[in-house]
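These are the residues of each chain, in order.
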Amino acid sequence: MTPENPEPTPETRKPSILEQTEQAIVEWLGERGFPKYRARQILSWIYQRRLDTFHDMSDLPKELRTQLAEHFCIFTGKTAESQHSEDGTEKLLIELADGGRIECVLLRDGPRRSVCISSQVGCAMGCVFCASGLDGVDRNLTRGEILEQMLKLQRLLEPEERLSHIVMMGMGEPLANLQRVLEALAVAKDSDFGLGISPRRITISTVGLPPAIDKLAGSNSPYQLAISLHAPNDELRTRLVPVNRSVGIEPIMAAADRYFNATGRRLTFEYVLLKNLNDSPACAEQLVKLLRHRNAMLNVIPYNPVPGLPYETPAPEAIHEFRRILMEGGINVMFRQRKGNDIQAACGQLRRLREREPHVVSLSN
Ligand code: SAH
């Protein structure tokens, strides 16, 4: 065993209770002669009252607490590093039981307490400007590992504060791990024992995978959908977002429209502005044509430079002109403020910094 890949401690060899559905816990309790209402008590201690040990669950019989501690752990990962930005943003680098590393972020914005959560170790989508996918994907996260990020960030809050928003915009492609993402979000939105966050305040961000968008639309969970567009035509999008080659903008827009029709949720499109690549007035004009007739919001994000990658943030004048064309075209456009600039807060940046020297990727293809 190397220090980078430590043997899991006995504690982490036990399954995490975060992997268990309420029903599974009810069955576990039943097998041991405990009533099923204990399941909600246990879960609300973890998700609502922020306890990290079974022993402190004071309204449970001692025998039950002992048995819980024998069978389960709560957290399986450990915080390998935490960074605190001057603007209140906090980022955690979590080392999972198998040594995989993921990132998650807490953003404080007025009364909002938002968390940005990862869905995979690495990412297979290969967006050329993003730090998360430079080495491909290692694996999907489990439901417990997705929930664990939310809980670790929740525990950074003051006791009177609550998490208010979730964005699935950390490492990975959430729609490539849809089943587990939905299981975790079901707990996030549950107000009986879970985090009690309304689906209106939960955003799933995707590179745009039409079959999975349709599945999400049919899942009866009206989450906000954000589609990472980044280019208004296929030629440019395929350069920036290689997975686009086998998908294409039109099928994505059609799936997005079906999502809107099924859920009534206004769509968000994300557009990372990259200097001299997708920030031209012509791109802005094409975007207007693409989005004008849709009930959509365009979220324009100035690029957060990744060390070692050759991409740059456009100059303020170019950003201003881009915005002007969109607004004059009647698009609902929002310019997202970058947060946590001083702490490597863009997806995958911190993990990458801690792993090795960044690769240099050529722009010439
Ligand atoms: N795979 C999903 C979710 C993760 S990325 C998706 O593609 O939407 C979340 C958002 O951050 C995406 O829009 C992504 O393109 C953007 N992003 C990635 N790296 C960035 C960077 N360095 N600066 C700004 N935005 C970035």
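The structure presented is a predicted model; accordingly, all values stated were derived computationally and were not measured. Note on numbering: residues in each chain are counted from 1, in written sequence order. In keeping with the predicted nature of the model, local features appear solely for residues at pLDDT of at least 70, side-chain atom pairs appear and are counted solely at 80 or more, and the whole-chain, interface and lining totals rest on all residues. By convention in this description, side-chain values take in all heavy atoms of the structure and omit both hydrogens and water.

## Quick notes on unusual backbone geometry
Right, on to step 1. Positioned with a positive phi, Arg50 is a non-glycine residue whose angle comes to about 60 degrees.
Right, on to step 2. For Arg50, the position within the fold is in the loop between α3 (37-47) and α4 (62-71).
Right, on to step 3. Accessibility expressed as a relative area gives 19% for Arg50, which makes it buried.
Right, on to step 4. Unusually for a residue other than glycine, His230 sits at a positive phi of about 65 degrees. Numbering of helices and strands starts at the N terminus; helices are DSSP runs of H or I of at least 4 residues and strands are runs of E of at least 2. Exposure categories follow from relative accessible area, calculated using a 1.4 Å probe and restricted to protein chains: below 20% of the type maximum is buried, above 50% is exposed, and the middle band is partly exposed.

## Thoughts on the sheet that holds strand β11 (residues 296-302)
Right, on to step 1. Paired strands are those between which DSSP finds at least two bridges. The strand order across the open sheet formed by ten strands is β1-β2-β3-β4-β7-β8-β9-β10-β11-β12, and the pairing between neighbours is mixed. Every interior strand has two partners, whereas the edge strands, β1 (78-84) and β12 (332-335), have only one. Across the sheet, the mean angle from the axis of one strand to that of its neighbour is 20 degrees, orientation sign disregarded.
Right, on to step 2. In terms of strand pairing, β1 meets strand β2 (residues 90-95) through six bridges, oriented antiparallel. By the bridge assignment for β2, His84 is matched with Glu90. Orientation is described by axes fitted as lines to C-alpha atoms, over the contacting stretch for helices, and by angles from 0 to 180 degrees between their N-to-C directions.

## What about the packing of aromatic side chains?
Right, on to step 1. Here the aromatic set is Phe, Tyr and Trp, taking the six-membered ring for Trp, and pairing holds for ring centres within 6.5 Å; pairs whose planes are under 30 degrees apart are stacked, those over 60 apart are edge-to-face, and all others are tilted. Enumeration according to the criterion identifies four aromatic pairs in this entry.
Right, on to step 2. Summarising the aromatic geometry, the rings of Tyr271 and Phe322 are spaced 5.4 Å apart at their centres and angled 35 degrees between planes, so their arrangement reads as tilted. In this pair, Tyr271 is assigned in strand β10 (residues 267-273) and Phe322 in helix α11 (residues 316-328), connecting sequence segments 51 residues apart.
Right, on to step 3. Residue classification places Phe322 among the buried positions, given a relative accessible area of 1%.
Right, on to step 4. Taken together, the ring pairs in this structure connect Phe129, Tyr303 and Tyr311 into an aromatic cluster.
Right, on to step 5. Either the NZ atom of lysine or the CZ atom of arginine qualifies as a charge over a ring when it sits within 6 Å of the ring centre and within 35 degrees of the ring normal. Lying over the aromatic face of Trp45, Arg49 brings its terminal NZ or CZ to 3.6 Å of the ring centre.

## As for the confidence of the model for the protein
Right, on to step 1. For every residue, the predictor reports its confidence as pLDDT, a number between 0 and 100. Taken over all residues, the pLDDT of the protein has a mean of 91, while the share at 70 or more is 89%.
Right, on to step 2. Whether two residues touch is decided by their heavy atoms; if any such pair falls within 4.5 Å, the residues are in contact. In the model, residues 1-8 has pLDDT below 50 throughout and makes ten contacts with residues more than four positions away in sequence or in other chains.

## Observations concerning the site of the ligand
Right, on to step 1. Any residue with a non-hydrogen atom lying within 4 Å of a molecule or strand is treated as near it. Near the ligand you find 20 residues, and of these Glu173, Ser205, Ser228, His230 and Asn304 are the closest.
Right, on to step 2. Two N or O atoms form a polar contact when they lie within 3.5 Å of each other; inside protein one atom must be a possible hydrogen donor and the other a possible acceptor, and for residues adjacent in sequence the pair counts only when both atoms belong to side chains. Within the backbone of Thr206, an N or O atom sits 3.4 Å from an oxygen atom of the ligand.
Right, on to step 3. Note that a nitrogen atom of the ligand is positioned 2.8 Å from one of the backbone N or O atoms of Asn304.
Right, on to step 4. The Shrake-Rupley method, run with a 1.4 Å probe sphere, supplies the accessible areas, and residue values consider only the shown protein chains as cover. Starting from 540 Å² of accessible surface for the ligand in isolation, the protein chains cover 93%.
Right, on to step 5. Mapped by element, the contributors of at least two residues to the shell around the ligand are β8 (202-206) and β10.

## Regarding the side chain of Asp190
Right, on to step 1. With respect to the element layout, Asp190 can be found in the loop between α6 (178-189) and β8.
Right, on to step 2. We note that Asp190 is buried and unpaired, the nearest opposite charge coming from Arg40 at a distance of 5.2 Å.
Right, on to step 3. Beyond its immediate chain neighbours, meaning those up to four positions away, Asp190 contacts Leu195 and Gly196. In summary, the charge assignment counts Lys and Arg as positive and Asp and Glu as negative, without counting His or the chain termini. Here, a salt bridge means any Lys or Arg side-chain nitrogen found within 4 Å of an Asp or Glu carboxyl oxygen.

## Digging into the pairing of β2
Right, on to step 1. Counting buried positions over the six residues of β2 gives six, a clear majority of the element.
Right, on to step 2. Once β1 ends, the chain turns through five residues before running back antiparallel as β2, passing Gly88 with a positive phi of about 95 degrees.
Right, on to step 3. When β2 meets strand β3 (residues 101-109), the two strands line up antiparallel, connected through six bridges. Looking at the pairing, Glu90 lines up with Leu106 of β3.
Right, on to step 4. Here β2 folds back onto β3 in antiparallel fashion, the turn holding five residues, of which Gly99 has a positive phi close to 95 degrees.

## Topic: the pairing of strand β7 (residues 165-168)
Right, on to step 1. Residues of β7 alternate between two faces, with His165 and Val167 on one and Ile166 and Met168 on the opposite face, all of them buried.
Right, on to step 2. For strand β4 (residues 112-116) and β7, the ladder comprises three bridges, and the chain directions are parallel. Its bridge partner lying in β7, Cys116 is registered against Val167.
Right, on to step 3. Alignment of β7 against β8, held across three bridges, turns out to be parallel. Bridged to Ile166 within β8 is Ile202.
Right, on to step 4. The handedness of a crossover follows from its direction of travel: if, with the strands pointing away from the viewer, the path from the first strand over the helix to the second runs clockwise, the crossover is right-handed. Traced from β7 through α6 to β8, the parallel crossover comes out right-handed.

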